[in-house]
Amino acid sequence: MNRPEVLLAMSDATYRTQFGPAEHARLSELAGLGEPLQVASLDQPAARERLADVEVLLTSWGAPELTADVLDAAPGLRAVIHCAGTVKPVVTEGVWERDLLVTNAVDANAVPVAEFTFAAIVMAGKRAPFFAARARTARDDWSVDGLGDLSNRDRTIGIVGFSRTGRRVVERLAALETREVLVSDPYADRDEVKAAGARLTGLDEVLAASDITSLHAPALPSTRHLIGARELALMPDGATLINTARGMVVDTAALEAECEAMRLFAILDVTDPEPLPADSALYDLPNVMVTPHIAGSLGTETRRMTSSALDELERYARGEDPLSPVTRESLETSA
């Protein structure tokens with residue numbers, strides 16, 4: 001097995017979180033390592049000296065952009081293995097022009113997002129976040145009236161985006177006695193959606209028929225404000241919108257209007273802008289829960305992504321095809 005020369009390019013905080021003793025030990029077995037092992041910038045003399053011999057870059061959050069200048073300093077570079085989700089902040093046109101192998105760890109990052117989303121769906125079914133908000137101001141009111149049906153049985157759940165995360169959410173919903181799970185995604189295969197336990201249909205039907213709709217669409221020009229005033233108006237009174245995807249998928253002003261009217265509930269882990277302005281109505285509404293983008297990999301969860309990246313490094317060293325390749329074309333329809 002080849003032991004390629006590897007340099008880690010990521011922020012110092014990311015490096016400390018994603019690489020512990022076990023990860024360092026495996027990396028040492030798979031690759032040739034020099035000093036510095038990790039850099040947050042590729043402009044420093046020590047980093048440039050390493051780049052001259054590097055065959056593989058392991059990148060993650062806080063990685064510098066791979067500009068033409070950086071690529072020119074790395075004539076032997078053959079692969080960029082990303083220890084996180086989207087590679088859009090890192091890769092440039094020069095990466096594709098040099099025909100470099102690029103991989104990411106989006107499958108690993110989808111796991112905690114799907115877990116968080118499934119939990120949010122269950123909590124939404126019982127209106128738990130909204131009863132918690134009521135309890136802060138009405139501590140003597142322990143009634144369960146006024147927030148509609150409280151149940152996770154016989155619900156219709158809508159999934160917008162049959163992405164890696166969306167697919168995992170659909171699979172987890174098998175644990176609930178749902179009435180139906182509906183999926184909207186222009187790129188999804190009907191048979192694959194059916195095999196996962198859902199029915200593929202149009203966005204309007206998903207929104208109009210679902211008690212709870214969860215968003216899993218990527219951030220693309222075509223998905224900006226995918227959920228706007230018209231789409232929100234299709235949702236039934238008392239329905240819940242969950243967004244763990246990207247804030248720009250939702251028209252924030254339109255959602256504020258619906259939630260201020262107390263017609264819809266919302267659980268938002270991502271917003272547009274992010275964070276919301278301090279005076280946003282969404283912070284104070286009792287029918288809205290806002291969290292600070294915590295659904296994705298955090299803490300020890302990030303080492304699942306490291307493990308995935310090291311799997312890719314091992315496959316590269318053995319001359320095997322990658323499990324999660326990224327191409328210029330695939331980036332056009334993914335996060």
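Computed from a predicted structure; not experimentally measured.

Draft legend 1. The sheet that holds strand β10 (residues 240–243), seen in detail. Read across the open sheet, the seven strands follow the order β8-β7-β6-β9-β10-β11-β12; overall the sheet is parallel. Two strands lie at the open edges of the sheet, namely β8 (199–200) and β12 (288–290), each paired on one side alone. Strands in contact with helix α6 (residues 106–125) are β6 (156–160), β9 (212–215), β10 and β11 (265–268); relative to β9, the strand with the most contacts, it is inclined by about 160°.

Draft legend 2. Geometry of helix α8 (residues 164–172). Turning to α8, its buried residues number three or more, namely Thr165, Gly166, Val169 and Val170. Summarising the axial view, the buried residues of α8 lie within an arc of 140°, below the 170-degree limit, and thus occupy one face. Turning to α8, the residues buried within the fold contact α6, β6, β7 (180–184) and α9 (190–196).

Draft legend 3. Region of the structure containing the pattern of salt bridges. Taken as a whole and judged by the stated rule, the model has 23 salt bridges. Between Asp272 and Arg224 there is a salt bridge, and its shortest N-O distance comes to 3.6 Å. Placement of the pair is Asp272 in the loop between β11 and β12 and Arg224 in the loop between β9 and α11 (229–234), with a sequence separation of 48 residues. One salt-bridge network, held together by shared partners, links Arg26, Asp311, Glu314 and Arg318.

Draft legend 4. Examining the sheet that holds strand β3 (residues 56–59) more closely. Spatially, five strands are ordered β2-β1-β3-β4-β5 in an open sheet, and the strand pairing comes out parallel. Either end of the sheet is taken by a strand with one partner, and the two such strands are β2 (32–39) and β5 (101–103). Neighbouring strand axes in the sheet, compared pairwise and without regard to direction, differ in orientation by 15° on average. Across four bridges, strand β1 (residues 5–9) lies against β3 in parallel orientation. The residue of β3 that forms the bridge with Leu7 is Leu57.

Cut-off values and rules
Chains are numbered independently. Their residues run from 1 in the order of the written sequence. Local features are withheld for residues below a pLDDT of 70 in this predicted model, meaning they are given only at 70 or higher, and side-chain atom pairs are given and counted only at 80 or more; totals for whole chains, interfaces and linings count all residues. Just so you know, side-chain values use all the structure's heavy atoms and leave hydrogens and water out. Note: two strands are recorded as paired if DSSP finds a minimum of 2 bridges between them. By the criteria applied, helices consist of DSSP H or I runs no shorter than four residues and strands consist of E runs no shorter than two, each listed in order from the N terminus. What makes two residues a contact is simply this: any of their non-hydrogen atoms within 4.5 Å. To get an axis, a line is fitted to the C-alpha atoms, and for a helix only the part in contact is used. The angle between two axes follows their N-to-C directions and goes from 0 to 180 degrees. Each residue is placed in one exposure class: buried if its accessible area under a 1.4 Å probe, protein chains only, is under 20% of its type's maximum, exposed if it is over 50%, and partly exposed if it falls in between. This arc is built from the directions going out from the helix axis to the C-beta atoms. Between Lys or Arg on one side and Asp or Glu on the other, a salt bridge is scored when a side-chain nitrogen of the former is within 4 Å of a carboxyl oxygen of the latter.

No statement about biological role is implied by the geometric values presented.
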